[in-house]
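Each chain is listed here by its residues.
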Amino acid sequence: MLHNFYPITEISQIGENIFTLTFRSPEMASEVRPGQFINIRVNDSSTPLLRRPFSIYHVDRGKIQILFNTIGGGTKILSGKNIREFLDVIGPLGKPFTSNGNFKLAILVAGGMGVASLPFLTTSLTNHGISIETFLGARTSNQLVTKYLKNVHIATDDGSEGYHGTVVEMLLEYFRQNKSIRPMIFACGPPPMLRKISAIADDFNFPCELSIESVMACGIGICQGCPVERVDSEKKYSLVCKDGPVFNSKTIRIKADD
Ligand SMILES: Cc1cc2nc3c(=O)[nH]c(=O)nc-3n(C[C@H](O)[C@H](O)[C@H](O)COP(=O)(O)OP(=O)(O)OC[C@H]3O[C@@H](n4cnc5c(N)ncnc54)[C@H](O)[C@@H]3O)c2cc1C
Ligand code: FES
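All of these numbers come straight from a predicted model, not from anything done at the bench. (Residues numbered from 1 in each chain as written. Chains lettered and ligands numbered in written order. Predicted model: local features only at pLDDT ≥ 70, side-chain atom pairs only at ≥ 80, totals over all residues.)

Observations regarding the overall build of the protein chain
(1) Moving on: Per the secondary structure count, the protein chain includes six helices and 17 strands.
(2) Moving on: Computed over C-alpha atoms, the radius of gyration of the protein chain comes to 18 Å, within 12% of the 18 Å expected from 2.2 N^0.38 for 258 residues, which places it in the range of a compact globule.
(3) Moving on: Overall, the protein chain is about 50 × 45 × 35 Å in size when its C-alpha atoms are taken along their principal axes.
(4) Moving on: For the protein chain, the residues scored as buried account for 41% of the 258 residues in total.
(5) Moving on: For the protein chain, the share of sequence-separated contacts (at least 6 apart) that also reach a separation of at least 24 residues comes to 61%. (Helix = DSSP H or I, 4+ residues; strand = E, 2+ residues; numbered from the N terminus. Rg over C-alpha atoms; globule rule 2.2 N^0.38 Å. Buried ≥ 20, exposed ≤ 12 C-beta atoms within 10 Å, placed from the backbone. Contact = placed C-beta atoms within 7 Å.)

Comments concerning the site of ligand 1
(1) Moving on: Surrounding ligand 1, one finds 22 residues, the nearest of these being Phe-68, Gly-72, Gly-74, Thr-75 and Ala-116.
(2) Moving on: When contributions to the shell around ligand 1 are tallied by element, the ones reaching two or more residues are strand S4 (52–55), strand S6 (63–69) and helix H2 (73–79).
(3) Moving on: Partitioning the shell around ligand 1 into residue classes produces 13 nonpolar, seven polar and two charged.
(4) Moving on: Per-domain counts for the shell around ligand 1 show at least three residues from each of domain 1 (2–93) and domain 2 (105–253). (Near = placed C-beta within 6 Å. Nonpolar A, V, L, I, M, F, W, Y, C, P; charged D, E, K, R; others polar. Domains from an automatic or database assignment.)

Looking at the sheet that holds strand S8 (residues 105–111)
(1) Moving on: Strand order in the open sheet formed by seven strands is S11-S10-S9-S8-S12-S13-S16, with mixed pairing between adjacent strands. The sheet terminates laterally at strand S11 (163–164) and strand S16 (246–248), the two strands that pair on one side only.
(2) Moving on: Sheet topology places strand S9 (residues 131–138) next to strand S10 (residues 152–156); five bridges connect them, and they run parallel. Paired with Phe-135 across the two strands is His-153, which belongs to S10.
(3) Moving on: Helix-sheet contacts for helix H3 (residues 118–127) involve S8, S9 and strand S12 (184–188), and the interaxial angle to S8 is about 175 degrees. (Pairing = 2+ DSSP bridges. Axes fitted to C-alpha atoms, helices over the stretch in contact; angles between N-to-C directions.)

Focus on the pairing of S6
(1) Moving on: Most of S6 sits out of view: five of its seven residues are buried.
(2) Moving on: Sheet topology places strand S2 (residues 18–24) next to S6; seven bridges connect them, and they run antiparallel. For Thr-20, the partnering residue across the bridge sits in S6 and is Leu-67.

A look at the nonpolar core
(1) Moving on: Counting residues in hydrophobic clusters, the biggest one holds 67 residues, and the most contacted among them are Leu-108, Val-109, Ile-185, Ala-187 and Ile-197.
(2) Moving on: Counting the residues that make up this core, at least three belong to each of domain 1 (2–93) and domain 2 (105–253).
(3) Moving on: For Leu-108, the residues in contact, after removing those within four places along its chain, are Leu-118, Leu-121, Thr-122, Ile-132, Thr-134, Phe-135 and Phe-186. (Core = buried A, V, L, I, M, F, W, Y, C linked by C-beta atoms within 7 Å.)

The structure is reproduced here in structure tokens:
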């Protein structure tokens, strides 16, 4: 795990309240794995006090890119950063996805900003010769981010693009129409979506990894503030920041109010 100040090389608005930010860190870029995240201190003041976690969106020639939605104070500050400013970053953090397992087809599923961890995963799976189908859900079409992804199936809540409905409904239809496939599922998004994906994986008996977003304080396993319930061991809880954010779906239970 590294902690340093890295120069920002790009910041762009790419959708409604959606931004990408790139910084240069060859040492972090060579260590990081798909599914891991970084923890950013957005300014020097005590507001906001805590670092903000972001998935690794894209890695290219010593540069790391994140994708984020401006939902509160921290992300608004981040969206106002300028090129050549230095960013206070800790990372890479957390456990990565399994991108070289015993499977030939990967089904990638994301809702909302969960899409942020898929491009880097796509690169890694492609390098391992694994076929990919990607299922993306968003509220509306200008919230969709499809760059760097492969074979994208789109669902929007308002029907402005692609399937009119949820990404979970679209995925279920796809599985019913493609009965012979034996994929591995990778899913990132809000807890209700992940709970449903986990149930679908169980029903079809497909291996599945979930990347969980939880509100975090320390981000490094100290404060115990990001528990997720375990179902496979005597240990009752795991920590999203240290034991995750990626978990085998059979090992955890995502509660309705998570
Ligand atoms: C491992 C991990 C990876 C993440 N990766 C990304 C990413 O790649 N791109 C991205 O846009 N966001 C990502 N997030 C979420 C991101 O960290 C939060 O959106 C950010 O911390 C919000 O900070 P803020 O100061 O702007 O908002 P705040 O003022 O802290 O919060 C604004 C509102 O959003 C809610 N909120 C804050 N964090 C979350 C969360 N994690 N889940 C649900 N609601 C939340 C708060 O309860 C509040 O209602 C990730 C979170 C985790 C844990
Ligand atoms: S955020 Fe502190 S232990 Fe996970």
